[in-house]
Amino acid sequence: MLAELTAGALDDAAARRATVPLPEIERLALARPAARDALAAFAPADRVKVIAEVKRASPSRGAMAEIADPAALAVSYQTGGASAISVLTEGRRFGGSLDDLREVRASVDVPVLRKDFIAEPYQVFEARAADADLVLLIVAALEQPVLRELHDLVVQLGMTPLVETHSADEVDRALEVGAQVVGVNARDLSTFELDRDLFGTLADRIPSGVVRIAESAVKEPADVAHYRAAGADVVLIGEALVTGDDPVATLESFLEAGR
């Protein structure tokens, strides 16, 4: 599944590159204002921080929410206390787009993450050209030299890499390239099975001073409290927010549980 998603994302990027060549997307990226400081947004506090996600669908759940106005949803997340907004820009299985990211970025003041299957520099330049502040890099999808190249490029463009891991070896690989923000995804991207305890087994491998993000398997406030107790600085929440009736109230309850 991960290989399929990454290959599809690269095919879609190639189609966009035929319209906007690499030199042009580089020019657009370098012309954007400076990215917002995600590390400052994730600075340690008396409660867990939350990245709230704009997410219409997923391969494991199918369609979840229509989200006709991603900007309005992002504003509600900011109102509810989110420290950053994640935007799925993958179109085939998640129903997202770079237009969603642009609309969200124009509507909120907090950092915005481009969440996609990034595997080549063109996609990183696209992220900056669309005003992303963070870029997701999935260790399992990338050979180490490519991971290092993309990580360094994200940093050079003034953005923050969120390096996602699923095992002890992947955490070590993330740290080897200098990651300052490491995510542990409870969802295995090969099988899509969930293990809420995976974060706790890997958290001690992530040194102090590196932001620890727990991803997936958050359905209720108790899950946030579980991650906070295991050492999470930040929790990324998507499905529970987009499928609920009141994202502001839901987000506030999650934040309260993470004190």
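Now for a description of the structure that goes with this document. (Residues numbered from 1 in each chain as written. Predicted model: local features only at pLDDT ≥ 70, side-chain atom pairs only at ≥ 80, totals over all residues. Heavy atoms only, no water.)

## Side note on the overall build of the protein
Per the secondary structure count, the protein includes twelve helices and ten strands. The C-alpha radius of gyration computed for the protein amounts to 17 Å, which stays within 12% of the reference 18 Å derived for 259 residues, consistent with globular compactness. For the protein, with 259 residues in total, the buried portion stands at 55%. Put simply, of all contacts in the protein between residues at least 6 apart along the chain, 68% involve residues at least 24 apart. Counting every atom, the protein has about 10,500 Å² of accessible surface; 50% of that belongs to carbon and sulfur. Counting 26 positive and 42 negative side-chain charges, the protein places the averaged centre of each group 2 Å from the other. (Helix = DSSP H or I, 4+ residues; strand = E, 2+ residues; numbered from the N terminus. Rg over C-alpha atoms; globule rule 2.2 N^0.38 Å. Buried < 20%, exposed > 50% of the residue type's maximum accessible area, 1.4 Å probe, protein only. Contact = heavy atoms within 4.5 Å. Areas by Shrake-Rupley, 256 points an atom, 1.4 Å probe, with all protein chains shown as cover. Lys, Arg positive; Asp, Glu negative; His and termini not counted. Charge placed at Lys NZ, Arg CZ, Asp CG, Glu CD.)

## Some thoughts on the pattern of salt bridges
Between side chains of opposite charge, a pair can form as their charged atoms come close. Evaluation of the coordinates by the stated rule reveals 19 salt bridges. The salt bridge partner of E53 is K115, with a shortest N-O separation of 3.0 Å. Taken together, the residues E53 in strand β1 (residues 49-54) and K115 in strand β5 (residues 112-115) connect sequence positions 62 residues apart. Residue class for K115 comes out buried when judged on its relative accessible area of 13%. Note that R102 is salt-bridged to D99, the shortest N-O span being 2.7 Å. Highlighted residues: R102 and D99, both in helix α5 (residues 98-107), separated by three residues, approximately one helical turn. Given the relative accessible area of 41%, R102 is considered partly exposed. Three or more residues joined by partner-sharing salt bridges are found here, namely R16, R114, D116 and E126. (Salt bridge = Lys/Arg side-chain N within 4 Å of Asp/Glu carboxyl O.)

## Considerations on the packing of helix α4 (residues 70-80) against α5
Where α4 meets α5, the closest approach of the two axes is 8 Å, and the angle between their N-to-C directions is 45 degrees. Accordingly, the angle class assigned to the pair α4 and α5 is oblique. Note that α4 runs across α5; the crossing there is right-handed. Residues P70, A71, A74 and V75 of α4 touch α5, and the partners they reach there are D100, E103, V104 and S107. (Axes fitted to C-alpha atoms, helices over the stretch in contact; angles between N-to-C directions. Parallel < 35°, antiparallel > 145°, perpendicular 65-115°, else oblique. Left-handed = near helix turned anticlockwise from the far one by under 90°.)

## Here's the deal with helix α6 (residues 121-129)
Within α6, eight of the nine residues are buried, which leaves it mostly tucked inside the rest of the structure. Along α6, the residues that are buried comprise Y122, Q123, V124, F125, E126, A127, R128 and A129. Considering only its buried residues, α6 is in contact with α1 (2-19), α2 (22-30), α5, β5, β6 (134-138) and α7 (144-156). Count one or two residues on from α6 and you reach D131, which has phi positive near 75 degrees.

## Considering the sheet that holds strand β8 (residues 181-185)
As summarised here, the arrangement of the eight strands in space is β1-β4-β5-β6-β7-β8-β9-β10, forming a closed barrel in which the pairing is parallel. Averaged over all pairs of adjacent strands, the angle between their axes in this sheet comes to 25 degrees, without regard to strand direction. Taken together, the four bridges between strand β4 (residues 84-88) and β5 define a ladder with parallel strand orientation. Looking at β5, one finds that L88 is bridged to K115. (Pairing = 2+ DSSP bridges.)

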